[in-house]
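Architecture and fold: a report
One-letter residues, chain by chain:
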Protein chains: 2
Amino acid sequence: MKNFVELETLLIRNKIKPRKLVLVNAHEEASLLSVVEIMKRGYIEPTLIGNEPQILAILEAHKIRDVLKIIHADSDKEAAFKAVECVRDGDADILMKGFIQTSDLLREVVNRDTGIRNQPVLSHVALVEIPYLERMFMITDGGMIPYPNFEQKIGIIENAVHVAHALGVAVPKVALIDAAEHTNPHIQASLDSEKISQKTWKDATVEGPISIDLAVSSTIATTKKYAGKIQGDANILVVPDIISGNILGKVGTLFTEGKMAGIVQGAKVPIVLTSRGSTLDEKINSILLSCFIGNEES
Amino acid sequence: MKNFVELETLLIRNKIKPRKLVLVNAHEEASLLSVVEIMKRGYIEPTLIGNEPQILAILEAHKIRDVLKIIHADSDKEAAFKAVECVRDGDADILMKGFIQTSDLLREVVNRDTGIRNQPVLSHVALVEIPYLERMFMITDGGMIPYPNFEQKIGIIENAVHVAHALGVAVPKVALIDAAEHTNPHIQASLDSEKISQKTWKDATVEGPISIDLAVSSTIATTKKYAGKIQGDANILVVPDIISGNILGKVGTLFTEGKMAGIVQGAKVPIVLTSRGSTLDEKINSILLSCFIGNEES
């Protein structure tokens, strides 16, 4: 896939029925407007949870006359609880964070008794579009787990592969990013990568350690005579920690006028968890991406 | 500074006298040609160490008729030893790696009895030009120390600040890069950064943890109402480990048609240590950068 326009085309072509999205603490302009925009395009049916008078005031200010389903909540905790309840009851296919601390929302998601976690690891998957490369790829995990251990890395990969499958990539190429393409005993990440790439993977090609240029540029893979299965055509870039993931995502888009979408995987439904600094575009793209997840079985 | 063209202009304007460069194992086309090119521009007086017949064959093949100083060496070890000896004897201002393993060269550099180390830490400093940002900045360390500890981070910063001073930046802004701009107890790098930024720094402004976008984009620093001393105008980006540095350097230049130069600091003279995969441009820019170092006292 080249860009987010193609992503939306794919959504239309696959005739995915509108997804039920629940927005937690919808009394925030940017999140609310992104949800309304995607609703108007017909991809989602939103439920807004939060401070009802404030939500109505934002809708009024923007002259949004659509009748929207609103569930009032008095506190952050109540809003998060009710949103998670919607998912539990089958009333939501997508959970989206509005004006609430990430930790407050996730506390309810991972609650042992009432939560909706269904994978060993909750991880962040970013989908980026880089004009210069004319293609998209995923970065994981640049948002959730600071320093994943070996088992968590496996979970991170599984979550991202799931997203790739949902997007129609049958056997995604997964690159375990490092400073070079050989195992260096002084670099723990490279030792992990070697072990991970030796595992048997179903429906994915996993390779590493591999440097970023070989993973994303076929020109460089050819120039350097790289002999691996990934030839600059990786679909998923797995980074060793949150800082390198953050750098990769931000530099990849910032300096190139690229675009990004991000979701959290590992719960019963995808969680749209863009930050308050995210652009409207990023929120919209993240919702579009989340619309694919959970449809792959149908 | 905007780009490498300006860097070269600065070299001319400062009337820096030609630097004595010694190329270790000069019997490699790419390195040799980059040295000859910079010699022709009048910035260096090279000494070529290595296999003399092979060196002469390359010069002959490229019709290079200049009389070049050549010191024959029979082995990698001998070449590295002789090159380091040149530095020790004051016969070289710049050490450059040719067709030799980095480890074989560095072994002689750090030799306790005959070596030329003069700082606690040997670290890599990359200078990058990113057209989209219309300015240059340094990245350190993306090439030498896999996972620097606290003391090594201090050394890495000192080495890079020295380069900035040599380039005429009196009080460089040093950004300690992280996934966010607040200290996160789960992220060791952020704890280190907090401690490092609280130290008293002479002739440098050191700030962190700070995310990459706030460090390099003034637009984003303004949008996010970032209140720090760095407002997208960092001169030096300090990364927590070699992988994030490698990602930052490569992504910063790859996707943007940017350019890079790299030297190793911490020895008596700068060491040009570009890899065999480096372009001629990168080698040339690295030599240009190294010409500044050691001139700042004169």
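The notes below deal with the structure included here. (Residues numbered from 1 in each chain as written. Chains lettered and ligands numbered in written order. Predicted model: local features only at pLDDT ≥ 70, side-chain atom pairs only at ≥ 80, totals over all residues. Heavy atoms only, no water.)

1. A short note on the relation of the copies chain B and chain A
Test applied: The least-squares superposition of copies is restricted to C-alpha atoms, and to residues with a pLDDT of at least 70 in both copies. Contacts are residue-level and defined by heavy atoms, with any inter-residue pair within 4.5 Å sufficient.
Overlaying chain B with chain A gives an RMSD of 0.0 Å, the required rotation being 180° about an axis along which the chain moves by 0.0 Å. Within this description, the copies of the chain are treated as partners about a two-fold rotation axis. Taking C-alpha positions as reference, the residue of chain B nearest the rotation axis is S244 of chain B, located at 2.3 Å. A high fraction, 100%, of the interface residues of chain B reappear at the interface in chain A, so the copies pair face to face through one surface.

2. Examining the pattern of salt bridges
Which entries qualify depends on this criterion: Salt bridge, as used here, is a side-chain nitrogen of Lys or Arg placed within 4 Å of a carboxyl oxygen of Asp or Glu. A run of H or I in DSSP counts as a helix once it spans at least four residues, and a run of E counts as a strand once it spans at least two, with each numbered from the N terminus. Three labels apply to residues, based on accessible area from a 1.4 Å probe with only protein chains included: buried if under 20% of the type maximum, exposed if over 50%, partly exposed otherwise in between.
Under the criterion given, the structure shown has 24 salt bridges over all chains. For the salt bridge of E78 of chain A with K82 of chain A, the shortest nitrogen-to-oxygen distance reads 2.9 Å. With a gap of four residues between them, E78 of chain A and K82 of chain A both fall in helix α4 (residues 76-88), about one helical turn apart. Its relative accessible area of 24% is what places K82 of chain A among the partly exposed residues. In this structure, the salt-bridge partner of K259 of chain B is D281 of chain B, at a minimum N-O distance of 3.8 Å. Here the residue K259 of chain B occupies a position in strand β10 (residues 259-265), and D281 of chain B occupies one in helix α11 (residues 280-290), the gap between them amounting to 22 residues. Taking relative accessible area as the criterion, D281 of chain B reaches 38% and is therefore assigned partly exposed. Within the structure, one salt-bridge network assembled from shared partners comprises E8, E37 and R41 of chain A.

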